[in-house]
Amino acid sequence: MSSKVVSSKDNAITMTEQTNEQLRHENIELRAALEARTQENMLQNEVISTVGSTLKLDEVLGHLVDTVVRAIPCHAAFFYLYDKDKERLTLASTNQQYKKLVGKIEMALGEGITGWVGMHLQPVILKEAALNDPRFRYFPELEEEKFQSTMTVPIIAKDRHLIGVITLHTAAPYEFSEQHQTFLINTAALAASAIENAQLYENTQRKLNILTTLSVMSQTISSGLYLDEMLRSLATLTVQIIEADLCAIMLMDQAKGRLMVRASSPNLNDRTISFQPIDVDRNVWEKYRDFSARGQFPDLSAHALERLNPLKDSQYKTLLSAPLIAGTEHLGLINCYFSKTRRHTSEDQTLLSTIANQIALAIKNSHLVDMLAQKNLVKGFFDDLMYGAYDSEDSLRQRANFIGCDLTKPHTVAMIEVAHLDESDTDENERSRAFADPASRPLADTLLQTEEDRLVTHKRISGQIRRRIQDNYPGSVLFERENLLTCIICLSKDPTAARLKTWLRDLARQMHTEHGVRLSIGIGNQCQILSDYRRGFAEASEALQMGQNLNRDGGVTHFNDLGVYRYLYKIARMDDLRDMYQDQVARIANYDRRKGTDLLDTLETYLECAGNLTKTSSRLFVHRNTLIQRLERLQSLCDIDLQERSNWLTLQVAIKVFKLRSSGI
């Protein structure tokens, strides 16, 4: 009996000890779980504190990486952010070992395990052999051959759109616990709002910086800097706004149809990279301009875009560009280069287009200021030379050299008046036909419907005349006032001006054919010394005015060709000249105006042909009988005998004087 009691007591003690041991183990496990949960709560609170402590995205992501690495045993933690414009996941933060890869690792949705998670918005947890998973994509920079286990979770916004992906790796096979999974998923949820807020803050700050820089750009444009200095400043500001690695501003050489780099930031003059001139393909240029005007990326081939790139075989991988256009004038192109492959958004293009418009305005204003200054300088030089109103010959020669005129060489003065062939140049019959049949209208009348069109065309034609004269007679200078071009033509290659008149006549014919305009040109005699120029201007002016009266279709008149008209010109300017011959001519002219006839021209031709009826009818393109009828009508209007040869010379002079007077001389 007693032995049974002892045995029972021993068993009870043993059971009690076992129970106590079990309780101790449970207490230890509970304490460990409590500590783990407490640690997890502390870390979770730390995450909450982190996401609410700053709006700087880099700082938020850096704190999150540190917290996750402390909370979950892993060898590497990668935070990827999704760029919806580029449709790519980019490594945004990681632990210290891989910091140098931030911004350099990118992948598309569906690419690799990280891309798969981003596409499907579902976590992936692999205990071991992660490299054998069919979704895996190997990045040698990340040394992923060292890793066995991976846990990847998406960072999802409240509206279920993707913000990013968190990926954890371990070197040895490791089974992530349910608590680890919960912690990382909760961290991702907390990070979503923090990242969105930080991105919104950074975007707001970026736009504020852009507005500030645009304000600086506006101040630069209105600062009055020289063009090259201003363009360098604008290129630097563009680099800041667009966040580019290089900005190049090219201007159009209108004469050669080429784009030349005028400014860049940073300056590449001291580097091995060099810019090449671009021969502009007008079709590519027009297409590029049309797309940019609509705020779109040009739908051009890689080859076409390359033709607008002055940097060949450089280290830059992405090019964003926009044309510089003021009104309808193509001024140039602005190119922004990026070292990384970058998919640009419509916002990027709109921003660059805005900058391009500002730069185009600055260039145009600078051109206008330079043109005005140059025009005033040239005008002052021409006026002083024309009127002999200069202080000293040395100062005048210096001013001449400054505008490209060497007064030690022989020159001649020419005056060119440009007139459009419109309805004012046609007779009533021609106007009636043109009204009835638009296809028969003169080219200029058909094309130039508005004054603005007329001015643009006139500017283009004047520019062509200027370039052709300066190309064929280097060293020539011109001054334009309204539709009159006054030229000091250098004769260094044509000392006697033997071919000048013929060349100018060909130029007038070309302008008439190409643009439907009439050139009236007056030329003076050669100028060897400064005092000759005052006479040269007067001769060219007189030749122009008299040539216009003698030839309604324009043409070229040299002062020496005027002959007797030089004297008639002076007579015609006398207000008190009045005789019977003038009265007879005026009577015929009044009859022509009333009846719509041309008897005065008939009489003038008859007198020039010395009364020869056959020759006169041939020159007038009329039948002999028609001519006789006209002469009979003329005789009925005149008190003097038209058959009397002694009256012919006086009558001829009277007709020419009358015509000179009628023209306003």
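A quick note: this is a predicted structure, and the numbers were derived from the prediction, not measured. (Residues numbered from 1 in each chain as written. Predicted model: local features only at pLDDT ≥ 70, side-chain atom pairs only at ≥ 80, totals over all residues. Heavy atoms only, no water.)

*Asks:* Now, about the overall build of the protein: what can you tell me, with residues and values included?
*Replies:* In terms of helices and strands, the protein carries 20 helices and 16 strands. Classification of the 665 residues of the protein by burial places 43% in the buried group. In the protein, the share of contacts with a sequence separation of at least 24, taken over all contacts with a separation of at least 6, comes to 62%. Accessible surface computed for the protein: about 36000 Å², of which carbon and sulfur atoms make up 50%. (Helix = DSSP H or I, 4+ residues; strand = E, 2+ residues; numbered from the N terminus. Buried < 20%, exposed > 50% of the residue type's maximum accessible area, 1.4 Å probe, protein only. Contact = heavy atoms within 4.5 Å. Areas by Shrake-Rupley, 256 points an atom, 1.4 Å probe, with all protein chains shown as cover.)

*Asks:* Give me the packing of aromatic side chains: which residues, what numbers.
*Replies:* For the structure shown, the criterion picks out eight aromatic pairs. Ring plane angle 40° and centroid distance 6.0 Å describe the contact between phenylalanine 382 and phenylalanine 479, whose orientation is recorded as tilted. One end of the pair, phenylalanine 382, is in helix 8 (residues 346-387); the other, phenylalanine 479, is in strand 13 (residues 477-481), and 97 residues separate them in sequence. For phenylalanine 382, a relative accessible area of 2% gives the class buried. Given a relative accessible area of 5%, phenylalanine 479 falls into the buried group. Through a chain of ring-to-ring contacts, the aromatic side chains of Phe381, Phe382, Phe479 and Phe537 assemble into a single cluster. Between arginine 135 and the ring centre of tryptophan 116, over which it is positioned, the NZ or CZ distance is 4.6 Å. (Phe/Tyr/Trp six-rings, centres within 6.5 Å; stacked < 30°, edge-to-face > 60°. Lys NZ or Arg CZ within 6 Å of the ring centre and 35° of its normal.)

*Asks:* I'd like a description of the confidence of the model for the protein, backed by residues and values.
*Replies:* On average, residues of the protein score 78 in pLDDT, and 75% of them reach the 70 mark or higher. Note on residues 423-448: pLDDT under 50 across the span, and 23 contacts to partners over four residues away in sequence or across chains. (pLDDT = per-residue confidence, 0-100.)

*Asks:* Quick rundown of the sheet that holds strand 3 (residues 106-108)? Include the residues and the values.
*Replies:* Spatially, the six strands line up as an open sheet ordered 3-2-1-6-5-4, and their pairing is antiparallel. Strands at the two margins of the open sheet, each flanked by one partner only, are strand 3 and strand 4 (124-126). Sheet twist, expressed as the average angle between the axes of neighbouring strands with direction ignored, equals 25°. Sheet analysis places strand 2 (residues 88-94) next to strand 3, joined by three bridges and oriented antiparallel. (Pairing = 2+ DSSP bridges. Axes fitted to C-alpha atoms, helices over the stretch in contact; angles between N-to-C directions.)

*Asks:* Tell me about the pairing of strand 15 (residues 517-527), and name the residues and values.
*Replies:* Counting buried positions along strand 15 gives 10 out of 11 residues, so the element sits mostly inside the fold. When strand 12 (residues 411-420) meets strand 15, the two strands line up antiparallel, connected through nine bridges. Bridging across to strand 15, alanine 414 finds its partner in isoleucine 523. Relative to strand 16 (residues 555-558), strand 15 is paired through four bridges, and the arrangement is parallel. Note on strand 16: the bridge partner recorded for isoleucine 521 is valine 556.

*Asks:* Run through unusual backbone geometry, naming residues and quoting values.
*Replies:* Put simply, serine 265 and proline 266 share a cis peptide bond, and its omega is 0°. Following the sequence through the fold, proline 266 ends up in the loop between strand 8 (258-265) and strand 9 (278-279). Positive phi outside glycine occurs at leucine 121, with the angle close to 55°. Take leucine 121: it is sitting in the loop between helix 3 (112-120) and strand 4. One non-glycine residue, phenylalanine 621, lies in positive phi territory at about 60°.

*Asks:* Would you mind going over helix 5 (residues 227-242) in detail, with residue names and values included?
*Replies:* Over its 16 residues, helix 5 extends 22 Å from the first C-alpha to the last, a length consistent with the 22 Å expected when each residue adds 1.5 Å. Within two residues after helix 5, glutamate 243 carries a phi angle of roughly 60°, on the positive side. (Expected span 1.5 Å × (residues − 1).)

*Asks:* Give a description of the packing of helix 18 (residues 613-620) against helix 19 (residues 624-637) that names residues and reports values.
*Replies:* In the contact formed by helix 18 and helix 19, the axes pass within 9 Å of each other and the chain directions differ by 100°. By the criterion of interaxial angle, the relationship of helix 18 to helix 19 is roughly perpendicular. Contacts between helix 18 and helix 19 involve Leu613, Thr614, Thr616, Ser617 and Leu620 from the first element and Arg624, Leu627, Ile628, Arg630 and Leu631 from the second. Here the residues of the contact of helix 18 with helix 19 are counted per class, giving five nonpolar, three polar and two charged. (Parallel < 35°, antiparallel > 145°, perpendicular 65-115°, else oblique. Nonpolar A, V, L, I, M, F, W, Y, C, P; charged D, E, K, R; others polar.)

*Asks:* Which residues make up the sheet that holds strand 14 (residues 484-490), and what are the values?
*Replies:* Strand order in the open sheet formed by five strands is 13-14-12-15-16, and the pairing between neighbours is mixed. This sheet does not close on itself; its edge strands, each paired only once, are strand 13 and strand 16. On average, each strand axis in the sheet is tilted by 15° relative to the strand beside it, whichever way the strands run. Against the sheet, helix 14 (residues 530-550) touches strand 12, strand 14, strand 15 and strand 16, its axis set at about 145° to strand 15.

*Asks:* Describe the nonpolar core, listing the residues and the values that go with them.
*Replies:* Judged by nonpolar contacts, the single largest core of 29 residues is most densely connected at Leu231, Ile242, Ile249, Leu324, Ile334, Ile359 and Ile363. Those elements that place two or more of their residues in this core are helix 5, strand 7 (246-253), strand 10 (318-326), strand 11 (329-338) and helix 8. Residues in contact with isoleucine 334, not counting those within four places in the same chain, are Thr238, Cys247, Ala248, Ile249, Leu320, Ser321, Ala322, Leu324, Leu352, Ile355, Ala356 and Ile359. In terms of nonpolar packing, the next biggest core, distinct from the first, is built from 28 residues, Leu61, Ala77, Ile155 and Ala191 among them. (Core = buried A, V, L, I, M, F, W, Y, C linked by side-chain atoms within 4.5 Å.)

*Asks:* Outline the pairing of strand 11, supporting the account with residue identities and numerical values.
*Replies:* Of all 10 residues that make up strand 11, nine are buried, and the element is covered over most of its length. Here strand 7 pairs with strand 11 via six bridges, running antiparallel. Within the sheet, the bridge partner assigned to alanine 248 lies in strand 11 and is asparagine 335. Two elements, strand 10 and strand 11, share nine bridges in a ladder whose sense is antiparallel. Residue pairing in the sheet places proline 323 in a bridge with leucine 333 of strand 11. Between strand 10 and strand 11, which follow one another and run antiparallel, lie two residues, and glycine 327 among them has a positive phi close to 70°.

*Asks:* So, the environment of tyrosine 98: which residues are in play, and what are the values?
*Replies:* Inspection of the secondary structure puts tyrosine 98 in the loop between strand 2 and strand 3. It is 8.7 Å that separates the C-alpha atoms of tyrosine 98 and glutamate 141, two residues lying 43 residues apart in sequence. Not counting chain neighbours up to four residues away, the residues in contact with tyrosine 98 comprise Ala76, Phe78, Glu141, Leu142, Glu143 and Phe147. Among the polar contacts made by the side chain of tyrosine 98, one reaches the side chain of glutamine 97 at a distance of 3.4 Å. (Polar contact = N/O pair within 3.5 Å; in protein donor to acceptor, adjacent residues only side chain to side chain.)

*Asks:* So what about a positive patch on the surface? Which residues, and what values?
*Replies:* Residues Arg593, Arg594, Lys595 and Arg633 make up a contiguous surface patch of positive charge. For the positive patch, the element with the most residues is helix 16 (residues 580-595), which contributes three residues. Within the secondary structure layout, arginine 594 lies in helix 16. (Patch = residues over 30% accessible without salt bridge, like charges linked within 9 Å, V, L, I, M, F, W, Y side chains within 5 Å. Salt bridge = Lys/Arg side-chain N within 4 Å of Asp/Glu carboxyl O. Lys, Arg positive; Asp, Glu negative; His and termini not counted. Charge placed at Lys NZ, Arg CZ, Asp CG, Glu CD.)

*Asks:* Before we move on, could you go through the pattern of salt bridges and cite the residues and values that matter?
*Replies:* Counted under the stated rule, the structure contains 17 salt bridges. When the shortest N-O distance is used, the salt bridge between lysine 379 and aspartate 383 registers 2.9 Å. With a gap of four residues between them, lysine 379 and aspartate 383 both fall in helix 8, about one helical turn apart. Among the residues examined, lysine 379 registers a relative accessible area of 32% and is labelled partly exposed. Judged by its relative accessible area of 19%, aspartate 383 falls in the buried class. The shortest N-O distance in the salt bridge between aspartate 384 and arginine 399 comes to 2.9 Å. Here arginine 399 lies in helix 9 (residues 393-402) and aspartate 384 lies in helix 8, a separation of 15 residues in the sequence. Bridged by salt links that share partners, the residues Glu604, Glu608, Arg619 and Lys656 form one connected network.

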